[in-house]
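# Chain and residue survey
One-letter residues, chain by chain:
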Amino acid sequence: MTQKHFVIIGNGAAGNRAADVLREGDSHAKITIISDEFFHFYYRHRLKDFIVGNIDETSLTVRSSEYYHDKHIRLRLGQQVIKIDLNSQLLYLKHMELVRYTHLLLCTGGKPRMPEIHYRYREHFTSMITLDDAKHMKQQLPAVKRMIVVGGDLISVQITKRLLNAGIEVVFLVDRDAFWPLTFSDVIEKDFNRALRRAGAKIISDDAIVNIEKLGHMAYQVRTRSGENLECNLVGGFFGLVPQVDFLVGSGLDIDRGILVDEHLKTHFDNVYAAGDCAQVYNPQLSNYWVSIGWGNAVKLGEIAAHNMLGSPDTAIRPPINVLDYEGIEVKTEWWQEVS
Amino acid sequence: MTNQRSDDNNNPLLNSGIEYFSDEVKRSGIMNYRSTALPTWCPGCGYYGITHGLANALKNLHVNNNNLVIVSGIGCAGRYPFFVKGYGLHGIHGRALPIASGIKMVRPEFTVLAIGGDGDGLGIGGGHLPHAIRRNIDITYILFDNAIYGLTKGQASPTTPFGQYTKTTPYGNPEKPLNPILIGLAYGASFVAQGFAGFPQDLTIVFQEAIQHKGFSFVVVTTPCVTFDHANITYQRFRNIWKKIPEDHDKQNLANAMALAQDGNYYNGILFQDHRNAWHDVQQSIRKNTSITK
Amino acid sequence: MIQAADDIVIKICGSAGDGSISAVEILNRAAALMGYHIMNFDAYPAEIRGFGKSVGHTRISRSVLLTTGKYTDCLVALDDVHAITELSTMSKRGVLIYDSKPPQYHQEDQAVAGFIEPGMIGYGIPLRELSTIAVRSSRSRNIVALGVLAALLHLQAEYFETAIRKRFSAKPETVIDNNINAFRLGFDYTLQNVNKYDELDFQHHVYSSNRDSIIMSGNEAAARACLDADLRLYAGYPITPATRIMEILAKELPLKGGFVVQTEDEISAAGHVVGAGFAGARSLTATSGPGICLMSEMINLAVMAEIPSVFIDSQRGGPSTGLPTKTEQSDFNIAAFGGSGDSPRPVLAPTSVPECYLLTRIAFDLAECYQTPVIILMDFFLSNRFEDIDLNQLNSNVFGRFTPQTAPLKDQPYLRFEVTDTGISPRAIPGMENMFHTVTGLEHDERGFPNYGKANHLKMTAKRHKKMETLVRDWQETGTFGPEGQLDVGFISWGSSVGAVMEAISLLNDQNIHSGGFFPRLLSPLQTSHLEVFSRRCKRIIVVEMNYTGQYANYLQVAISKRMERFTRVDAEPISSEDIVNWIIKDES
Ligand SMILES: Cc1cc2nc3c(=O)[nH]c(=O)nc-3n(C[C@H](O)[C@H](O)[C@H](O)COP(=O)(O)OP(=O)(O)OC[C@H]3O[C@@H](n4cnc5c(N)ncnc54)[C@H](O)[C@@H]3O)c2cc1C
Ligand SMILES: Cc1ncc(C[n+]2csc(CCOP(=O)(O)OP(=O)(O)O)c2C)c(N)n1
Ligand code: SF4
């Protein structure tokens, strides 16, 4: 029998939890985590404080390399999987190496959502999902006097507040379609506007972007439907996250918004599982799939997937809806939790 | 000058031997090529005859003493430089040729003679001979072949005949002797000659030719060690066995020379000589051809 | 360890034939043109033939360099499988440049990028593809990689182009153009496609483009010194790591009217050198351990007969044939004491490439002044490492001035070995009018005649040692390094290890461990008074050298009463400053 090789794509909350559980359950198997990010497992939600200098890079890190050494988990950072051959059980890495797995867990997380109406000028948006994005933004901030934030997701609120605190003028262009993972409602909008205005942001709520033009280095002009031309140094685009499944298209996996898995987080390939933000999980009660976005959920799903991969059945249940006060906004969600 | 030490008195080299020579010898002019030191060899040693022959050759050629350098190895023969008026380097056992070559390379105007015994030149130092020959460096190598280790008092040497009794071959020498002449020819020396210590006049002629030869000259002088060899090379045995080189011998014909070297006879004179370029000439022409100036 | 963003250790690794070494050569040249200091020590493949690994290893810095650096800050992989074995030397935040488009997929664990440790940063660049665009083959991917390096590390491209032009100056114009094109493709590709994550940064600085420095190895520096010192005869027998000296001189010395002879063995080589020295001409041979063994009898002759002659021993791992391509400092004993009898002779040990030049030049002066063989102890590391050196800035006067004494022409008898206060007898050489003499390896009197009298032997032995005392008096260099006053730790080291010790000293002083050094360049005879003064200043004395027993420490220990500690290594690699610092810190805490 060949040695078991658990390969996890994604070095986030889901992937790391799964690796822990797999190692606890099987001390001999090879375990590999592959991530296209260069950095150690870090707290994504702390990025907002990192960009304005509230915390430094070390306090972002969840685990350092010693941990992986001790647990005999091979951590491949900065390596991207570009193709999967599910029949031969091979992963094609971008640097042109083939990696063979016996069991595969997809924890590829989310990527920024880009609404179709903004597609034309998408390269002018700055977003912030990864530490890379955050570092880039942090570098630019000292030269930013004015920033236009477009969107309506929770990240945009967090960031706006931090930017205002840092003395940057923020114009917030509320995009009804961008409310994510929240659904837009009058109550939410009121909450939203109040929270942001209190913090000092200028809010434009019943207008919409028609074009963004780059005038020069860190100089943009945003034209709105009402004919306003707003100039700024950065345009932030925050439209929420969608599952990162681009590289799986055509692999033979069923993909809808995310990777379709059963309640045991298994795809229709026996040895391939998915967990975390990238998974779209079947719920037998609902007879439907649900997508989970959020740190706590990712951890939980990672654990469940690992149990199943080890052969002890475990079922994912849809988390209860909780209500949390988020930056002064009352948020009802089954997804996000307060994490520090 | 510093004080003469008491133990100097025991040193024969320090007691100038000049006055022991007859007026005739002094008048002959060869004393211009003899130092004030008296040789330390045993009375009757063949080396005296060689010394005489060489001093005459140097005199006849009017060699400039200031440019005369004698390099020797170790052995009775190795003492030779001390007895010559000129510059001398009494080096280490077997290494006269490399040292002499080094001197000649940097001072081509010098007359450089290398001298050593058969143990020195064919035993411990045997590895240097083919290479000095190969380079054809313009020095004269005189091998004092007494077929015995003299200085160390009578052990077998590379030219000791098979079966001969010596201190280290008490049951007879189990090894075959080398033939130095044949070796010199086989290695390709541009000048190969031999002679006998008992014929100093003949040696003078050979030495003159050897010194004048442009390139590496190899002269093997058979010489009796009167102290440690009473059976092999003795004056009585050897005086009569030497032959003149046949009239029709072509000195430039290597095959003929090799035939003579192997026919069991001792031939007095030059067996082989050719006039290829010596080391410095080759260096010069390489420089010219590759337009390296100076 | 990244000392600073502009002090970077770079390795270019590939199969033999991938051009790693020539790429590093160009990199060095470009860096030197920009006024940086470089130190370069390539790793030789263990096997001569086949497609062994070949690693160009260089360190580029704004400040003067003392070591080649233990950890690699930037590794360029021209061959994945070989490069994987180099990763263990990477610094924690090291940078890897690899080929993102190899001809086919690597099997698992055959791609260097798959081994990038967390913290390291890998940049995948289509090296082969870009090379193919430039020269229609993957041959120039080493040059493409230089373009990547220049763009990534923020080095000025035009200096690379000059260096490339120079490197390929013997080639047709199209080759030069193609390679410059390859360089530019790598450079532009990187600027356009690569987000820089690392901290390595030369900030486009050019310190001085007209510094007169050239890049030389220790062997080249020694050879150059020979040429400048008017060497007349080089005689030698090939042996790693000294052969390069002979090869250079074979080409250059005839241009200056000198001669090079390849002898049948080292005995003969030494014989030629001693012969030429006796004849009054400067002569030298260079060898390694096995050769110095064969030469020791000739060196002894030169001691006894007082013949100026210079011997370079580029040490390698021993004993016997040992480790021909690994460095070690284990020939001190044979250099200082090899041979029979009491045979004192100066032993010099350069600590850097510039000193290989200086001490080789000085060696000829010493040899003539004190009428003695002089041994220069280099080693594989010094022989083969490259440094930028500015010959105009070098000054040998720091070591002292050594002028030979020639005998006045006077009436007979000339006393070649006249006993004087200094031990030095005015020298005559063959060719001089009427100064006849014979020198000998036998014990001799002042005239040079053999003499075995006991009083004479005592007198002449003393005379030969007297010369060494005179040399110690004349030698100006004190060898002390670092702060004055009391020291917590005083280091003594010699030769190629000194750089690492100097680096360690400054690191320790940064951590408030007061330390300094005594680094004699004249290893023997011993400068006892300098050693005593130094040892009185030290709480601890540690002797650092690359041999097992502490050969130099043993030699020094008899001269002072304070006990010396030994930091000795024979791990076939140069000692690193990190090793020394860690050792001390472990002890001190
Ligand atoms: C700014 C910000 C603030 C947030 N705040 C909160 C919060 O307060 N509360 C909360 O509950 N959640 C929050 N979230 C969401 C939360 O961080 C995510 O839900 C969680 O990190 C998801 O974990 P994951 O393991 O599924 O995926 P991720 O953490 O996204 O990790 C996936 C990893 O896989 C890698 N990857 C993807 N594709 C490939 C491939 N093909 N090859 C190799 N690697 C690949 C990605 O680069 C990534 O590193 C926030 C997110 C952001 C961006
Ligand atoms: C390396 C070394 N080994 C041994 C000796 C001792 N030794 C001195 S002379 C000699 C032999 C001399 O014989 P040869 O060369 O034939 O000269 P001869 O004395 O017969 O003239 C020997 C063995 C030495 N001096 N050096
Ligand atoms: S021992 Fe023999 S060779 Fe030496 S001097 Fe006496 S006779 Fe001559």
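All of the points below concern the structure found in this document.

Per the stated rule, a full pass over the model turns up 46 aromatic pairs over all chains. Between the aromatic rings of Tyr36(C) and Phe202(C), the centroid separation amounts to 5.0 Å while the plane-to-plane angle is 65°, which identifies the pairing as edge-to-face. Taken together, the positions of Tyr36(C) in the loop between helix H1 (20-33) and strand S2 (37-41) and Phe202(C) in the loop between helix H6 (173-193) and strand S7 (214-217) put the pair 166 residues apart, joining distant regions of the chain. We note that Tyr36(C), like Phe202(C), is buried. Geometry around Tyr92(A) places Lys83(A) over its ring, the cationic atom sitting 4.4 Å from the centre. Taking the ring centre of Phe168(C) as reference, the NZ or CZ of Arg167(C) above it sits at 5.7 Å.

Attention shifts here to the interface of chain C and chain B. Counting residues at the interface gives 55 residues for chain C and 47 residues for chain B. Looking at the side of chain C facing chain B, the largest losses of area belong to Phe259(C), Glu264(C) and Phe436(C), adding up to 17% of the total buried there. Run the count over chain C and chain B and you get one salt bridge. We note a salt bridge from Arg135(B) to Glu264(C), for which the minimum N-O separation is 3.0 Å. At the junction of chain C and chain B, the tally comes to 19 residue pairs in polar contact (both at pLDDT 80 or more).

Here we take up the interface of chain A and chain C. Listed as interface residues are 22 residues of chain A and, on the opposing side, 23 residues of chain C. When chain A packs against chain C, the two sides together hide about 1,900 Å² of surface, and 52% of this comes from carbon and sulfur. Of all residues in chain A, the largest losses of buried area upon contact with chain C belong to Phe38(A), His95(A) and Met96(A), amounting jointly to 37% of the total for that side. Linking chain A with chain C are three salt bridges. Ionic pairing is found between Asp109(C) and Arg76(A), a salt bridge with its closest N-O pair at 3.2 Å. Where chain A packs against chain C, one counts eleven residue pairs in polar contact (both at pLDDT 80 or more). Of all the elements in the fold, those that place two or more residues in the side of chain A that touches chain C are helix H3 (65-70), strand S3 (73-77), strand S5 (90-93) and strand S6 (98-100) of chain A. For the side of chain A that touches chain C, the leading source of residues is S3(A), giving four residues. Within the side of chain A that touches chain C, the residues separate by chemical class into nine nonpolar, six polar and seven charged.

Here we come to the site of ligand 2. Lining the immediate environment of ligand 2, one finds 18 residues, of which Tyr47(B), Cys76(B), Gly119(B), Asp120(B) and Leu151(B) sit closest. Chain contributions to the surroundings of ligand 2 come from chains B and C. Take Ala77(B): an N or O atom from its main chain is 2.9 Å from an oxygen atom of ligand 2. In the model, an oxygen atom of ligand 2 is placed 3.1 Å from a nitrogen or oxygen of the Ile148(B) main chain. When isolated, ligand 2 has an accessible area of 590 Å², and the protein chains bury 77% of it. A per-element tally of the shell around ligand 2 places helix H4 (residues 118-124) of chain B first, with four residues.

Here two pairs of chains make contact, and the pair sharing the most contacts is chains B and C. Looking at chain A next to chain B, you find no contact at all, with the nearest C-alpha pair sitting 53 Å apart.

Moving on: the packing of helix H5 (residues 154-165) of chain A against helix H6 (residues 186-199) of chain A. Residue and element names in this part refer to chain A. It is the contact of H5 with H6, at a shortest axis distance of 9 Å, that shows an interaxial angle of 15°. Relative to H6, the element H5 lies roughly parallel. Judged by the sense of rotation from one axis to the other, the crossing of H5 with H6 is right-handed. Residue-level inspection shows Ser156, Val157, Thr160, Lys161 and Leu164 of H5 in contact with H6, the latter providing Phe192, Ala195, Leu196 and Ala199.

Rules used in this analysis
Residues numbered from 1 in each chain as written. Chains lettered and ligands numbered in written order. Predicted model: local features only at pLDDT ≥ 70, side-chain atom pairs only at ≥ 80, totals over all residues. Heavy atoms only, no water. Phe/Tyr/Trp six-rings, centres within 6.5 Å; stacked < 30°, edge-to-face > 60°. Helix = DSSP H or I, 4+ residues; strand = E, 2+ residues; numbered from the N terminus. Buried < 20%, exposed > 50% of the residue type's maximum accessible area, 1.4 Å probe, protein only. Lys NZ or Arg CZ within 6 Å of the ring centre and 35° of its normal. Contact = heavy atoms within 4.5 Å. Buried area = accessible area lost by both parts, 1.4 Å probe. Salt bridge = Lys/Arg side-chain N within 4 Å of Asp/Glu carboxyl O. Polar contact = N/O pair within 3.5 Å; in protein donor to acceptor, adjacent residues only side chain to side chain. Nonpolar A, V, L, I, M, F, W, Y, C, P; charged D, E, K, R; others polar. Near = heavy atom within 4 Å. Areas by Shrake-Rupley, 256 points an atom, 1.4 Å probe, with all protein chains shown as cover. Axes fitted to C-alpha atoms, helices over the stretch in contact; angles between N-to-C directions. Parallel < 35°, antiparallel > 145°, perpendicular 65-115°, else oblique. Left-handed = near helix turned anticlockwise from the far one by under 90°.

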